[in-house]
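# Structural features, examined
Spelled out from the first residue to the last, the chains are:
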Amino acid sequence: MQNVKRLWGVIIVMAVCNLVLASLLITHTMNQSEPSHPADPEQQGEQNKEQVVAKIGSREIKRQELQTALERHYGAELLGQLLDRDVISLEGNETGTTIGDAEITRELKRMQQGYESEEQFYASMQNQLGLSQQEIKEDVTNKLLLEKLATSHIQITDAQVESYIQAHPDEFKQETEYNIQQIIVSTKDQANKVIAALAKGESFEILARDRSLDDATNNTGGDLGWIEGDDPFVAASVLEAAKLLKAGEISKPVALSQGFAIVKLKSKREKENPDQAFIRENVRRELALQEAPPLKDYVSQLRAKWKVTIVDPEFK
């Protein structure tokens, strides 16, 4: 089954679309609001266009310039997203297809794998992508509705599910997770000096802050958090060194493509596997999607059915 990390690409697209949608709606919202003093609508619209939204020295960027740039770069893509969402909703209403709270909760649980808690997941989505909990829930609901509609005619038997699980044991085996700290330096001599300082009792966190070249972790004491043993975003040599350590131990200098690392294993644990019902439901869903037509093609069919027409050629 697909690794949860692959969902980041989808989530990033969702975030961009949400930002663009909010920006494109600014002018419409302001035009709809009642002014405190009656004004000519055309004059009010012109004032909105001339409103300054940012400055660079003496240069002013006005709302109209921002609006034009957003529409030129993202208008067609965003309009397509809005149309797709609407035809999916129309099809769901016509067929009586709905997404229940339990289905949404299950999918959100799947997305949260790899995070230490639900709170950390939502905080990460908000801080990194600007997505609120409600926005994530709405996008998940739309995604699940599309998948259910596209696979409504496909039946996956229990035997098929069991056969897939038996044929792909590596996907369902229990994994070990490692909580690692690292200090990255340029030369082996610098690495040995760090190890000597640690032997004298100096703090790993302070040395990471003061000497590590890794900007992503040096301000947090070199902490990589909980990671799996095959994490593609961590150097393989760092992972292999960590696997040989006991909790609290520090490695010898570890060669990297550029520089050297000193690795400390804070702790390790067996990753908790989801329950069997959860696993089987995900397998059943993925197998059904494999048999269904590509979702893009299915949405195109819905557009044709519901007679979608893009009137403005600029957005075709």
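Look up: the structure comes first, before these words.
Description of the structure in this document. Predicted model, so just to flag it, every value in this text is computed and none were measured.

Rules of the game
- Residues numbered from 1 in each chain as written.
- Predicted model: local features only at pLDDT ≥ 70, side-chain atom pairs only at ≥ 80, totals over all residues.
- Heavy atoms only, no water.
- Axes fitted to C-alpha atoms, helices over the stretch in contact; angles between N-to-C directions.
- Helix = DSSP H or I, 4+ residues; strand = E, 2+ residues; numbered from the N terminus.
- Parallel < 35°, antiparallel > 145°, perpendicular 65-115°, else oblique.
- Contact = heavy atoms within 4.5 Å.
- Nonpolar A, V, L, I, M, F, W, Y, C, P; charged D, E, K, R; others polar.
- Buried < 20%, exposed > 50% of the residue type's maximum accessible area, 1.4 Å probe, protein only.
- Bend = angle between axes of the 7 residues up to and from the residue.
- Salt bridge = Lys/Arg side-chain N within 4 Å of Asp/Glu carboxyl O.
- Expected span 1.5 Å × (residues − 1).
- Pairing = 2+ DSSP bridges.
- Phe/Tyr/Trp six-rings, centres within 6.5 Å; stacked < 30°, edge-to-face > 60°.
- Lys NZ or Arg CZ within 6 Å of the ring centre and 35° of its normal.

### A closer look at the packing of helix α6 (residues 133-150) against helix α12 (residues 295-305)
Where α6 meets α12, the closest approach of the two axes is 11 Å, and the angle between their N-to-C directions is 85°. If you check the angle between α6 and α12, you find them roughly perpendicular. In this structure, α6 uses L146, E147, L149 and A150 to contact α12, whose residues at the interface are L295, Y298 and V299. Residue composition of the contact of α6 with α12, by class: 6 nonpolar, no polar and 1 charged.

### What to know about unusual backbone geometry
Positive phi, close to 55°, is recorded for K307, a residue that is not glycine. Relative to the helices and strands, K307 is located in the segment after α12. You can call K307 exposed: its relative accessible area is 69%.

### Digging into helix α3 (residues 63-95)
Largest kink in α3: about 65°, centred on Y74. By the burial criterion, the buried members of α3 are R63, Q67, L70, G75, L78, G80, L83, V87, I88, E91 and G92. Trailing α3 by a residue or two, G96 shows a phi angle of about 70°, which is positive.

### Some points on the environment of Q155
Relative to the assigned elements, Q155 resides in the loop between α6 and α7 (158-167). Judged by relative accessible area, Q155 falls into the exposed class, the value being 65%. Considering only alpha carbons, one finds Q155 and L287, 132 residues apart in sequence, at a separation of 9.5 Å.

### Quick look at the pattern of salt bridges
In this structure the tally under the stated criterion is 20 salt bridges. The shortest N-O distance in the salt bridge between R303 and D84 comes to 2.9 Å. Remark: D84 occurs in helix α3 and R303 occurs in helix α12; sequence separation between them is 219 residues. Residue D84 is classed as partly exposed on the basis of its relative accessible area of 22%. A salt bridge links K266 to D223, with the nearest nitrogen and oxygen atoms 3.1 Å apart. With K266 in strand β6 (residues 260-270) and D223 in strand β4 (residues 223-228), the pair connects residues that are 43 residues apart, well separated along the chain. Through salt bridges with shared partners, a single ionic network connects E107, R110, K143, E147, R285 and E286.

### Overview of α6
Here α6 spans 26 Å end to end across 18 residues, near enough to the 26 Å set by a 1.5 Å rise per residue. Taken residue by residue, α6 has I136, D139, V140, N142, L144, L145, L146, E147, L149 and A150 as its buried positions.

### Quick notes on the sheet that holds strand β3 (residues 176-185)
One open sheet accounts for 4 strands, arranged β4-β3-β6-β5; its pairing is antiparallel. With one partner strand each, in any of the chains shown, β4 and β5 (254-255) form the two edges of the open sheet. As paired elements, β3 and β6 share 10 bridges and run antiparallel to each other. Its bridge partner being in β6, I184 is matched across the sheet by A261.

### Looking at the packing of helix α4 (residues 101-111) against helix α11 (residues 276-291)
Following both chains from N to C, one finds α4 and α11 inclined at 95°, their axes separated by 12 Å at the closest point. It follows from the interaxial angle that α4 and α11 lie roughly perpendicular. Side by side, α4 and α11 meet where R106, E107, K109 and R110 of the first sit next to F278, E281, N282, R285 and E286 of the second. Looking at side-chain class alone, the contact of α4 with α11 contains 1 nonpolar, 1 polar and 7 charged residues.

### Here's the deal with the pairing of β3
Burial analysis of β3 places 9 of its 10 residues in the buried class, the great majority of the element. As judged from the 5 bridges shared by β3 and β4, these two strands associate in the antiparallel manner. Paired with I180 across the strands is G225, a residue of β4.

### Looking at the side chain of E177
Positionally, E177 belongs in strand β3. Excluding anything up to four places from it in sequence, E177 contacts W226, I227, E228, S267, K268, R269 and K271.

### What to know about the packing of aromatic side chains
Per the stated rule, a full pass over the model turns up 1 aromatic pair. An angle of 65° between the planes, with centres 5.1 Å apart, marks the rings of F121 and Y122 as edge-to-face. If you follow R269 out to its NZ or CZ, it ends over the ring of W226, 3.9 Å from the centre.

Interpretation note: all reported values are geometric properties and have no functional meaning in isolation.
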